[in-house]
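Chain residues, written in single-letter form:
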Amino acid sequence: MPSNEEQQQPLLTKTEDGGGGEEETAYESDEKVHVIGVDDDAPDDDWAKTPPFSWKKLWLFTGPGFLMSIAFLDPGNLEGDLQAGAIAGYSLLWLLLWATAMGLLVQLLSARLGVATGRHLAELCREEYPNWARLLLWVMAELALIGADIQEVIGSAIAIKILSNGAVPLWAGVVITACDCFILLFLENYGVRKLEAIFAVLIATMAVSFAWMFGETKPNGVELLEGILIPKLSSKTIQQAVGVVGCIIMPHNVFLHSALVQSREIDQRKIGRIREAINYYSIESTIALAISFVINLFVTTVFAKAFYGTEIANSIGLVNAGQYLQEKFGGGIPILYIWGIGLLAAGQSSTITGTYAGQFIMGGFLNMRLKKWLRALITRSCAIIPTMIVALAFDASDDMLDVLNEWLNVLQSVQIPFALIPLLCLVSKEEIMGVFKIGPVLQTVSWLVAALVIVINGYLLVEFFSSEVNGLLLTSVVAAFTAAYVAFIIYLISRGITFSKLFGQLPAKRITTTGS
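Now for a description of the structure that goes with this document. Because the structure is a prediction, the values reported are computed rather than measured.

Thresholds, definitions, all that
- Residues numbered from 1 in each chain as written.
- Predicted model: local features only at pLDDT ≥ 70, side-chain atom pairs only at ≥ 80, totals over all residues.
- Heavy atoms only, no water.
- Helix = DSSP H or I, 4+ residues; strand = E, 2+ residues; numbered from the N terminus.
- Buried < 20%, exposed > 50% of the residue type's maximum accessible area, 1.4 Å probe, protein only.
- Contact = heavy atoms within 4.5 Å.
- Areas by Shrake-Rupley, 256 points an atom, 1.4 Å probe, with all protein chains shown as cover.
- Axes fitted to C-alpha atoms, helices over the stretch in contact; angles between N-to-C directions.
- Parallel < 35°, antiparallel > 145°, perpendicular 65-115°, else oblique.
- Nonpolar A, V, L, I, M, F, W, Y, C, P; charged D, E, K, R; others polar.
- 1 Å grid on protein atoms, 1.4 Å probe; cavity = no way out; pocket = protein on both sides within 12 Å on 5 of 7 lines; lining within 4 Å.
- Points joined across faces, edges and corners; volume = space filled by probe spheres on them.
- Phe/Tyr/Trp six-rings, centres within 6.5 Å; stacked < 30°, edge-to-face > 60°.
- Salt bridge = Lys/Arg side-chain N within 4 Å of Asp/Glu carboxyl O.

Focus on the overall build of the protein
Of regular secondary structure, the protein possesses 21 helices and 0 strands. Put simply, the protein has 516 residues, and 53% of those count as buried. Contacts in the protein between residues far apart in sequence, at least 24 positions, make up 85% of those at least 6 positions apart. Counting every atom, the protein has about 21,700 Å² of accessible surface; 65% of that belongs to carbon and sulfur.

A word on the packing of helix 12 (residues 251-260) against helix 15 (residues 335-366)
One way to put it is that helix 12 packs onto helix 15 with a least axis distance of 9 Å and a crossing angle of 80°. Accordingly, the angle class assigned to the pair helix 12 and helix 15 is roughly perpendicular. On helix 15, the residues that touch H252, F255, L256, A259 and L260 of helix 12 are T353, Y356, A357, F360, I361 and F365. Residue classes in the contact of helix 12 with helix 15 are distributed as 9 nonpolar, 2 polar and no charged.

A look at unusual backbone geometry
The phi dihedral of N165 falls on the positive side, at around 55°, and the residue is not glycine. Secondary-structure assignment places N165 in the loop between helix 7 (131-163) and helix 8 (170-186). In this structure, K218 is a non-glycine residue whose phi angle is positive, near 55°. Mapped onto the fold, K218 is located in the loop between helix 9 (192-217) and helix 10 (221-229). Owing to a relative accessible area of 58%, K218 belongs among the exposed residues under this scheme.

A word on empty space enclosed by the protein
Throughout the structure, instances matching the rule amount to 6 cavities of 30 Å³ or more. Its volume calculated, the largest cavity comes out at about 140 Å³. Taken together, 15 residues line the largest cavity, and the ones lying closest to its centre are E79, I154, L318, L401 and N405. Listed by contribution, the elements that provide at least two residues to the lining of the largest cavity are helix 4 (75-88), helix 7, helix 14 (318-329) and helix 17 (398-415). Residue composition of the lining of the largest cavity, by class: 9 nonpolar, 4 polar and 2 charged.

Brief notes about the environment of T353
Along the chain, the position of T353 falls in helix 15. With 101 residues separating them along the chain, T353 and H252 place their C-alpha atoms 9.5 Å apart. Setting aside residues up to four positions removed in sequence, T353 forms contacts with L67, I70, F199 and L256.

Topic: the packing of aromatic side chains
Here the structure, examined in full by the defined rule, presents 16 aromatic pairs. Aromatic side chains F61 and Y281 sit 5.1 Å apart centroid to centroid with 85° between the ring planes, which places their arrangement in the edge-to-face category. Residue F61 is located in helix 2 (residues 55-61), and its partner Y281 is located in helix 13 (residues 271-307); the two are separated by 220 residues in the primary sequence. Overall, F61 belongs to the buried group, its relative accessible area being 1%. Between F307 and Y324, the aromatic rings sit 6.2 Å apart at their centres with planes inclined by 65°, giving edge-to-face as the arrangement.

Examining the pattern of salt bridges
Throughout the structure, instances matching the rule amount to 8 salt bridges. The salt bridge partner of E123 is R119, with a shortest N-O separation of 3.6 Å. Linking D267 and K270 is a salt bridge whose minimum nitrogen-to-oxygen distance equals 3.8 Å. Each of the salt bridges in this network shares a partner with another, and the network as a whole consists of R119, E123 and E127.

Structure representation (structure tokens):
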């Protein structure tokens, strides 16, 4: 049993940045939700004991997991759901369930890292890797975020166009979405819990909208249960299967969750309190992703009931989905507008979390202490400017938007290893995690999940480039980039293995931080 003095030490030192200034942090101390002392009967000098479960504390810890779950409900995921349902029917529901479970595992590891260290993934990558690797990881994370943001903003703009009966063009919807994002982020000045309440309303809006559509279309209950419980996969549905798994794990979301969990005030000196926080975050994240699974299931089954086996199944996307539903079902309350409301809630919520993630990624990798509005402006501009170009170029062509969406999916698939591999290396490292380092069984399962996700997305990339890349020059360029890409992945993995061997022979370092 470690001594009290040893247990009181934080699990990670804050290294000096060379300039003597303060380091970037996810949340200032006065911004955090007060948790310490709530329903706490444990003796003050008992550093290792985990306090008993408290419903009041669970409520106080609830929030970050629901913000994280937004990435499982963004317009890109909804498009994957509707296409899987229209083309594969109910047959891929089991895969949606297991993909969500894999996503939950990754997000729990991200939360564990953030709670145990008091730092988020981007900050730790800055300290862990040499400058060239750190900058490359930052660029990759920003590219993944921009790709996701374009899809999310375009999704919101499509919803606004639907709800305005086409009166608001796509580019104007992009501008409205950008402004809405800043307005909602302004609410953060009134406290983290207020912003989390806004997200709760948006998630509830999605749930009610898609549940109404589910009730209106009346999918087959027996086929739905068979789809969840009995794995089925055919050569005709392999592309949709890859899409279901590929769009579940978003690179920027891995960075985001490790920062969001720091919005609660946790006594980093006490192992029992850190374990308590990890437990509460695990519960709320599981509940949040269970809700996201049900919402995704609603969308998939609605389109399976409506369009599976029809001639138009292969031509359905975000732009025309509502119109096809309206033509199919009609009804007193136009299903087109219900779809538009759900899509708008998905787009608005995901663009805000994307902006949040961009702030943490930029601040963590570059150690930039900027005012929040300035960081939000910079990260928003990185996505809004290319999105505006896309909206102006492709507004008149649904087919071009579908092609663009394919390229954006590829862009994000390419980036997945550069979030997953550093995460798994760091949570396996005793010097970083102390007693909260994951064990060998969880390490094995986590690496298998990561390998599966990377291989599935690799398949998507091979399929895409084999059909899109032609000519000797272009093939040579792609081959050169592929070689560099694979080499960097091998470097990240080998560095993690080297660290594991090295620090397995050394005692974990426990040094105090200055400040609070």
